[in-house]
Amino acid sequence: MHPLDSIFKPQAIAVVGASRRPGSIGREVLHNLIEFNFHGKVFPVNPKADFIHSIKAFPTVSAIPDPVDLAIIVVPRQEVPAVVADCGKKGVKGLVVITAGFSETGEEGRRLEVELNQTVERYGMRMIGPNCMGIINADPEVQMDATFAPTLPLSGHIAFMSQSGALGVAILNMARQLDIGFSIFVSMGNKANVSGEDLLLYLEDDPNTELILMYLESFGNPRQFMPIARRISKRKPILVVKSGRTLAGARAASSHTGALVARQGMDIALDALLEQTGVIRVNTVEELFDLALGFSKNPVPRGNRLGILTNAGGPAIMATDTAISLGLTMGKLSERTRTALRRLLPAEASIQNPVDMTPKPDRTKYEACARLMLEDEGIDSLLVVSVPPIMVSAMDIISGIEELRRQFPKPILGVVMAPEGFFQELNEQRPNHMAIYHFPESAVRALAAMERYRQWREQPVGEVRAFEVNHPAAETLLDAVRREERNQLTAPEALSLLECYGIPVARSRVASSPDAVAALASELSFPVVLKAIAPDIVHKTEVGGVVTDIRTPEELISAARQMNEEVSAHRQDASPPLRFQLQEFVRGGREVIIGMTQDPSLGPLIMFGLGGVYVETLKDVVFRVPPLTDLDAQEMIRQIRGYPLLEGVRGEAPIDLKALAEMLQRFSQLVEDLPEIAEIEINPFLVFPDVAEFRAVDARVRLADGAV
Ligand code: ADP
Ligand code: MG
């Protein structure tokens, strides 16, 4: 037995704080349990009443003579600790604490919540909440509605986890209108004891749950969430609504990576995380339901080729446009299908996909045409559009199409552009009907998500490679920096750090003055690059601190003198002395950027994109959460807009993309091994068709404040 079974499959429930007062939570929970026909015993607990809702009541949980598995607690906050302790003594194993006033209210509440959870743990109980609206298990074997929501749920195969109680009520209501049935519904509340991850793990093995929906306001622990979600989403689709958020105070970022994250603001971090776990993110509850409808009532498509059957041109065009823009393609009908359609339809009908039957097809026509399209090997999913014609009943057409659902394992979605009354009638007359939408765009959006999900499910699981690196040397290097109480590495130090992880860097030497540069000049092989180095110089080019392609010692010496003057003019007198980096000049190559910054809530985030001094102008970058698998790395490279530049345009040779992916993975390993790094960025990393020529020429590393 799973520990959470006492919560979701109890034999006996105590409702502590049950009440006679209509409209009160204590009365509504009890009422819903009875009204939904809970398959077990229910005990109202209330010291001031002998019976509630015609049922014998008990003064305390421990006064109940029978065993109790689950207690639903709705008493005032100050009474919660005593009730919970009483439950513990009685041997209750599961708690749902609906009472609010805990960590959501501030310091005092947070303290109470910690204490509450200690009691729960001491007795080996598990608790949902506090501050939630209850739970439902609509499994016909259980039939438990322990919420105070006014709408009873339909039984089905969708699990819903909500962080917002108020939204949960609305969702139950909307789901009912849309004919969407639940397996399990959980309002998670403050998640003091049972976390979102715990629930996901429970749902993973719940035979009744085929699809998981989540409404999230905050992420618990992304590091825990990732591997769990990645595994579960291969078996059961997970859809998440996460409301947008701006990055807590776009801090003054010293790196391009930080600046790009701050500027794009929002949720790139979260999007990156979800993309890597196969979780499908939607932006609104409306979209969540559109997708849920499609997923829950259909098999996953076998491919991206859509067929559209319609009796009006307009909606079919809208559907086609949306489909193409979301990555679906219009399936090509075979000669055979077209000949058969031609025989069925009037001359003015269009027998190319979208098949437009013209305004007045009846049920038989719809069914026959849909059958032909579904039989066609070139069609993976079918959208049936009906703008209800006069004299023909849309209900009739749907019943025809529904016959086909049983025969073809392909998604079939309907669009009926009819008044609201039609949908009500539909729910009443045809419970468990096929997915029907008001608008073609919503239906196509659902199909596109289902197709993306297929691709995710079929995609092999990537692998995180462990490279042989020199971790101790990297630590030694960082120790030396910390001993000097610095948190910024110089560019040469940063490059040395990369070398420890097998990332090739341009050869370079450091000179402490223009004279020292002159003294070294005769030993160098030209051409070289000269750069100004000082802790206060962030972007060297901006202060005249980079001269490339220097061909002779004379040129170098004069460049050093001039740079010394020019850069010094930009600096304050008290600045530490300027030093110079002499670096091999790397000719040609394409400039990319590889960076990492810390998201305040999600942790490290790796960025890849087109690099160089224009990176913030181009903003052609993608993000992923480490550790990067080989697939993550390949995808990052493929997903930037400038990807064709790396593949080679106009006859250019392609960059060694396999080697580039390996560099990203080595970088990811560095980030994972050295958590004291707050920000790191290679810009530019010069890449070539031959990996032997790859060079990092500039890098920046900042240590976390606490690390110094
Ligand atoms: P910063 O980013 O601080 O301005 P960089 O060291 O990145 O300074 O140099 C600026 C630009 O100069 C690079 O984006 C690159 O185009 C070019 N560059 C720098 N070093 C080299 C080098 N060793 N070989 C070739 N080009 C270089
Ligand atoms: Mg640079």
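Keep in mind it's a predicted model, so treat the numbers as computed, not measured. (Residues numbered from 1 in each chain as written. Chains lettered and ligands numbered in written order. Predicted model: local features only at pLDDT ≥ 70, side-chain atom pairs only at ≥ 80, totals over all residues. Heavy atoms only, no water.)

## A closer look at the pairing of strand β22 (residues 528–533)
The two faces of a sheet get side chains in turn, since along a regular strand they alternate between them. This is how the line gets drawn: Per-residue accessibility, obtained with a 1.4 Å probe over protein chains only, is compared with the maximum for each type, and a residue is labelled buried under 20%, exposed over 50%, and partly exposed between these values. Numbering of helices and strands runs from the N terminus, with a helix taken as a DSSP run of H or I at least four residues long and a strand as a DSSP run of E at least two residues long. Any two strands between which DSSP finds at least two bridges are classified as paired.
Counting buried residues in β22 gives 6 out of 6 residues, a clear majority hidden from the surface. Here β22 shows two buried faces, one formed by V528, L530 and A532 and the other by V529, K531 and I533. Where β22 meets strand β23 (residues 546–550), 3 bridges bridge the pair, whose relative direction is antiparallel. Directly across from K531, in β23, lies its bridge partner V546. Relative to strand β24 (residues 579–584), β22 runs antiparallel, the two sharing 6 bridges. Residue V528 lies in a different strand from β24, and its bridge partner there is E584.

## A short note on the site of ligand 1
Spelled out, the test is: The nearness test applies per residue and asks whether one of its heavy atoms lies within 4 Å of the molecule or strand. Pairs of N or O atoms within 3.5 Å make up the polar contacts considered here, provided that, within protein, one atom can donate a hydrogen while the other can accept it, and that residues adjacent in sequence are counted only when both atoms are side-chain atoms. Computed with the Shrake-Rupley method and a 1.4 Å probe, the accessible areas treat only the protein chains shown as cover for residues. Any residue outside Ala, Val, Leu, Ile, Met, Phe, Trp, Tyr, Cys, Pro, Asp, Glu, Lys and Arg is labelled polar, Gly included; the first ten of those are nonpolar and the last four are charged.
In the vicinity of ligand 1 there are 18 residues, among which K531, K540, T541, E584 and E591 approach most closely. One of the side-chain N or O atoms of T541 is found 2.4 Å from an oxygen atom in ligand 1. Within the side chain of Q583, one N or O atom sits 2.9 Å away from a nitrogen atom of ligand 1. With the chains in place, 91% of the 540 Å² that ligand 1 exposes on its own is no longer accessible. Mapped onto the shell around ligand 1, the elements with two or more residues apiece are β22, β23, β24 and β28 (677–687). The class makeup of the residues in the shell around ligand 1 is 7 nonpolar, 6 polar and 5 charged.

## A look at the packing of aromatic side chains
Short version of the rule: When the centres of two rings from Phe, Tyr and Trp lie within 6.5 Å, Trp using its six-membered ring, the rings pair. Their planes under 30 degrees apart give stacked, over 60 give edge-to-face, and anything left gives tilted.
Scanning all chains against the criterion turns up 8 aromatic pairs. On the basis of an interplanar angle of 15° and a centroid distance of 5.7 Å, the ring pair of F160 and F185 is categorised as stacked. Taken together, the positions of F160 in strand β10 (residues 155–162) and F185 in strand β11 (residues 182–187) put the pair 25 residues apart, joining distant regions of the chain. Measuring from centroid to centroid gives 5.2 Å for F422 and F423, while their planes differ by 85°, and the two rings are edge-to-face. An aromatic cluster is built from F160, F182 and F185, whose rings are joined through pairwise contacts.

## Considering the sheet that holds strand β21 (residues 508–511)
Strand-to-strand pairing in sheets goes through backbone hydrogen bonds, with the strands running parallel or antiparallel. This is how the line gets drawn: Note on method: axes are straight lines fitted to C-alpha atoms, helices fitted across the in-contact stretch only, with angles between N-to-C directions ranging 0 to 180 degrees. Note on contacts: a residue pair qualifies if any of its non-hydrogen atoms lie within 4.5 Å across the two residues.
Strand order in this open sheet of 4 strands is β21-β24-β22-β23, and the pairing throughout is antiparallel. The two strands at the open ends of the sheet, each matched to only one other strand, are β21 and β23. Each strand axis lies, on average, 20° off the axis of its neighbour in the sheet, ignoring direction. Helix α20 (residues 553–570) contacts β22, β23 and β24 of the sheet and is inclined by roughly 25° relative to β22.

## What to know about the sheet that holds strand β9 (residues 144–147)
Ordered by their spatial adjacency, 7 strands build an open sheet running β9-β8-β11-β10-β12-β13-β14, and the pairing between neighbours is mixed. Looking at the sheet topology across the chains shown, the edges are occupied by β9 and β14 (280–282). The mean angle between the axes of side-by-side strands here comes to 20°, regardless of whether they run parallel or antiparallel. Note that strand β13 (residues 238–242) and β14 share 3 bridges and pair parallel. From the neighbouring strand, V241 faces β14, where its bridge partner is V282.

## Points about a nonpolar patch on the surface
Put simply, the rule is: In this scheme, patches are assembled from residues that exceed 30% relative accessible area and form no salt bridge. Like charges are connected within 9 Å, while nonpolar side chains (Val, Leu, Ile, Met, Phe, Trp, Tyr) are connected within 5 Å. Whenever Lys or Arg places a side-chain nitrogen within 4 Å of a carboxyl oxygen from Asp or Glu, that contact is recorded as a salt bridge.
The grouping of V613, Y614 and L618 at the surface amounts to a nonpolar patch, some 330 Å² of accessible area in total. In this structure, V613 sits in the loop between β26 (603–610) and α21 (615–618). Using a relative accessible area of 56% as the deciding quantity, one classes V613 as exposed.

## Observations regarding the coordination of the magnesium ion (ligand 2)
Put simply, the rule is: Each metal's donors comprise the N, O and S atoms found within 2.8 Å of it (within 3.2 Å for Na, K or Ca). Water is not part of the atom list, so some coordination spheres may appear incomplete.
Within the protein, the atoms that donate to the magnesium ion (ligand 2) are N683 (O) and D698 (OD), at distances of 2.2 to 2.3 Å. Residue N683 is found in strand β28, and its partner D698 is found in the loop between β29 (695–696) and β30 (699–703); the two are separated by 15 residues along the sequence. Both residues of the pair, N683 and D698, count as buried.

## Looking at the packing of helix α13 (residues 363–375) against helix α14 (residues 394–405)
Note the cut-off: Orientation categories follow fixed angle ranges, with anything under 35 degrees roughly parallel, anything over 145 roughly antiparallel, 65 to 115 roughly perpendicular, and all other angles oblique. Should the near helix be turned anticlockwise from the far one by less than a right angle, the crossing is left-handed, and should it be turned clockwise, the crossing is right-handed.
Their axes nearest at 8 Å, the elements α13 and α14 cross at an angle of 30°. In terms of their interaxial angle, α13 and α14 are classed as roughly parallel. The handedness of the crossing between α13 and α14 is right-handed. Here R363, Y366, E367, A370, R371 and L374 of α13 lie close against α14, whose contacting residues are D396, I397, S399, G400, I401, E403 and L404.

## Some remarks on empty space enclosed by the protein
The rolling of a water-molecule-sized probe over the atoms marks out the regions of remaining empty space. Cut-off, in case you're wondering: In this analysis, the protein atoms alone were mapped onto a 1 Å grid. Cavities are point sets where a 1.4 Å probe fits without being able to get out; pockets are open sets with protein on both sides within 12 Å along at least five of seven lines; lining residues have an atom within 4 Å of a point. Grid points are joined across faces, edges and corners, and a volume is the space filled by probe spheres set on the points.
One pass over the full model with this rule turns up 2 cavities of 30 Å³ or more. Computed from the structure, the second largest cavity encloses a volume of approximately 70 Å³. Lining the second largest cavity, in full, are V384, S386, A394, I397, I398, I401, G414, V415, V416, M434 and I436. Among the elements of the structure, β18 (381–386), α14 and β19 (412–416) are those that each provide at least two residues to the lining of the second largest cavity. For the lining of the second largest cavity, the leading source of residues is α14, giving 4 residues. Class assignment of the residues belonging to the lining of the second largest cavity gives a composition of 9 nonpolar, 2 polar and no charged.

## Quick notes on the pattern of salt bridges
According to the stated counting rule, one finds 39 salt bridges in the structure shown. The partner of R110 in a salt bridge is E107, with the nearest N and O atoms 3.7 Å apart. Placement of both R110 and E107 in helix α4 (residues 107–122) is noted, with a separation of 3 residues, approximately one turn of the helix. The exposure class of E107 is exposed, given its relative accessible area of 59%.

## Here we look at the layout of surface pockets
Of the pockets and cavities examined, the largest pocket occupies roughly 960 Å³. Taken together, 35 residues line the largest pocket, and the ones lying closest to its centre are Q177, L178, D179, I180 and L293. Breaking the lining of the largest pocket down by element, the ones donating at least two residues are β10, α5 (165–177), α10 (285–296), α15 (420–429), β20 (436–437) and α16 (440–458). Along the lines of polarity and charge, the residues of the lining of the largest pocket split into 13 nonpolar, 12 polar and 10 charged.

## With respect to the confidence of the model for the chain
The criterion, for reference: Each residue carries a pLDDT value, the predictor's own confidence for that position, ranging from 0 to 100.
On average, residues of the chain score 92 in pLDDT, and 95% of them reach the 70 mark or higher. Long-range and interchain partners of residues 246–253, a stretch whose pLDDT sits below 50, account for 12 contacts in this model, where long-range means more than four residues apart.

## As for the environment of G294
In this fold, G294 is placed in helix α10. On a C-alpha basis, the gap between G294 and A448 in space is 9.9 Å, while along the polypeptide they are 154 residues apart. Beyond its immediate sequence surroundings of up to four residues, G294 is in contact with A435, Y437, A446 and M450.

## Quick notes on helix α7 (residues 222–235)
This is how it is decided: A helix is expected to span 1.5 Å multiplied by its residue count minus one.
Taking 1.5 Å per residue as the helical rise, α7 with its 14 residues ought to reach 20 Å, and the 20 Å between its terminal C-alpha atoms agrees with that figure. Of the residues making up α7, those classed as buried are P222, F225, M226, I228, A229, R230, I232 and S233. Buried residues along α7 sit in contact with α6 (196–204), β12 (211–216), β13, α9 (268–277), α16 and α22 (630–639).

## Brief notes about the pairing of β13
Counting buried positions along β13 gives 5 out of 5 residues, so the element sits mostly inside the fold. Judged by which residues are buried, β13 turns out to be covered on both faces: I238, V240 and K242 on one side and L239 and V241 on the other are all buried. Looking at chain direction, β12 and β13 are connected through 5 bridges and run parallel. Among the inter-strand pairings, Y215 is bridged to a residue of β13, identified as V241.

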